Amino acid sequence: QVQLVESGGGLVQAGGSLRLSCAGTGRTFSNFHVGWFRQAPGKEREFAAAITWRGKTYYSDSVKGRFTISRDNAKNTAYLQMHSLKPEDTAVYYCAAGTSAWYATPSSYDYWGQGTQVTVSS
């Protein structure tokens, strides 16, 4: 089992920045790929970014160039640095851990955090 806890969400003005954290406990965090997903009201959960256990990164087109995913395995923590935030980035952000190579697919992940709300005002 891996327990994931997200933090760092909040209210920010358009153009601002936030850094989300995903702290993992339980099984060896460094063995897992980590993904960040987001879900806006009335919409399906969508892929934002992922980082493999080796550190290779992937981004959706909607966040590429504005968001950066990273991880610190010594701290069992993954991060999502978000810059140039837009109102359409408003959503609950979830981190997930898994071993599948289908990084952009929610069903590929085995463990999920409870989510953290990000609200971007215009």
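Structure's up top.
Worth saying up front: this structure is predicted, and the values here are computed from it rather than measured.

### Re the side chain of Ser 108
Phase 1: By the element assignment, Ser 108 lies in the loop between strand E9 (91-98) and strand E10 (111-112).
Phase 2: A polar contact is formed between the side chain of Ser 108 and the backbone oxygen of Trp 102, at a distance of 3.2 Å.
Phase 3: Other than its neighbours up to four places away in sequence, Ser 108 contacts Gly 98, Ser 100 and Trp 102.

### Focus on the pairing of strand E7 (residues 67-72)
Phase 1: The side-chain alternation of E7 yields one buried face, formed by Phe 67, Ile 69 and Arg 71, and one unburied face, formed by Thr 68, Ser 70 and Asp 72.
Phase 2: As paired strands, E7 and strand E8 (residues 77-82) are joined by six bridges and run antiparallel to one another. For Ser 70, the partnering residue across the bridge sits in E8 and is Tyr 79.
Phase 3: The hairpin formed by E7 and E8 contains four residues between the paired strands, and Asn 76 there has a positive phi angle of roughly 55°.

### Section: the pairing of strand E11 (residues 116-121)
If a strand is regular, its side chains alternate between the two faces of the sheet.
Phase 1: Residues Thr 116, Val 118 and Val 120 of E11 are buried on one face, while the alternating residues Gln 117, Thr 119 and Ser 121, pointing to the opposite face, are not.
Phase 2: In terms of strand pairing, strand E2 (residues 10-13) meets E11 through four bridges, oriented parallel. Bridging from a neighbouring strand, Gly 10 pairs with Val 118 of E11.
Phase 3: The pairing of E9 with E11 spans three bridges and is antiparallel. Bridging from a neighbouring strand, Tyr 93 pairs with Thr 116 of E11.

### Topic: the nonpolar core
Phase 1: In this structure, Leu 4, Trp 36, Leu 80, Met 82 and Tyr 93 are the most contacted members of the largest nonpolar core, which totals 27 residues.
Phase 2: Broken down by secondary-structure element, the contributors of at least two residues to this core are strand E1 (2-7), strand E3 (18-26), strand E4 (33-39), strand E5 (46-51), E7, E8, E9 and E11.
Phase 3: Broken down by element, the residue count for this core peaks at four residues, all from E9.
Phase 4: Listed in part, the six residues of the second largest apolar core include Phe 37, Ala 50, Ala 96 and Tyr 109.

### What about the sheet that holds E3?
Across a sheet, paired strands are connected by hydrogen bonds in the backbone, their directions being either parallel or antiparallel.
Phase 1: Across the sheet, four strands lie side by side as E1-E3-E8-E7; this open sheet has antiparallel pairing. Only two strands of the sheet have a single partner each, and these edge strands are E1 and E7. The mean inter-strand angle of the sheet, taken between neighbouring strand axes irrespective of direction, is 15°.
Phase 2: Examined bridge by bridge, E1 and E3 share six bridges and lie antiparallel to one another. Across the sheet, Gln 3 pairs through a bridge with Thr 25, a residue of E3.

### Observations concerning the packing of aromatic side chains
Phase 1: In the structure shown here, the tally under the stated rule is seven aromatic pairs.
Phase 2: Centroid distance Phe 32 to Tyr 111: 5.8 Å. Interplanar angle 85°. Geometry classified as edge-to-face. Note that Phe 32 is positioned in the loop between E3 and E4 and Tyr 111 in strand E10, a separation of 79 residues in sequence. Of the two residues, Phe 32 and Tyr 111, neither departs from the other in class, the shared state being buried.
Phase 3: Note on Tyr 94 and Trp 112: the rings are 6.4 Å apart at their centroids and 75° apart in plane angle, and the pair reads as edge-to-face. Linking Tyr 94 in strand E9 with Trp 112 in strand E10, this pair joins segments that are 18 residues apart in sequence.
Phase 4: Take Tyr 94: its relative accessible area is 14%, and that puts it in the buried class.
Phase 5: We classify Trp 112 as partly exposed; its relative accessible area is 28%.

Criteria and thresholds
- Residues numbered from 1 in each chain as written.
- Predicted model: local features only at pLDDT ≥ 70, side-chain atom pairs only at ≥ 80, totals over all residues.
- Heavy atoms only, no water.
- Helix = DSSP H or I, 4+ residues; strand = E, 2+ residues; numbered from the N terminus.
- Polar contact = N/O pair within 3.5 Å; in protein donor to acceptor, adjacent residues only side chain to side chain.
- Contact = heavy atoms within 4.5 Å.
- Buried < 20%, exposed > 50% of the residue type's maximum accessible area, 1.4 Å probe, protein only.
- Pairing = 2+ DSSP bridges.
- Core = buried A, V, L, I, M, F, W, Y, C linked by side-chain atoms within 4.5 Å.
- Axes fitted to C-alpha atoms, helices over the stretch in contact; angles between N-to-C directions.
- Phe/Tyr/Trp six-rings, centres within 6.5 Å; stacked < 30°, edge-to-face > 60°.

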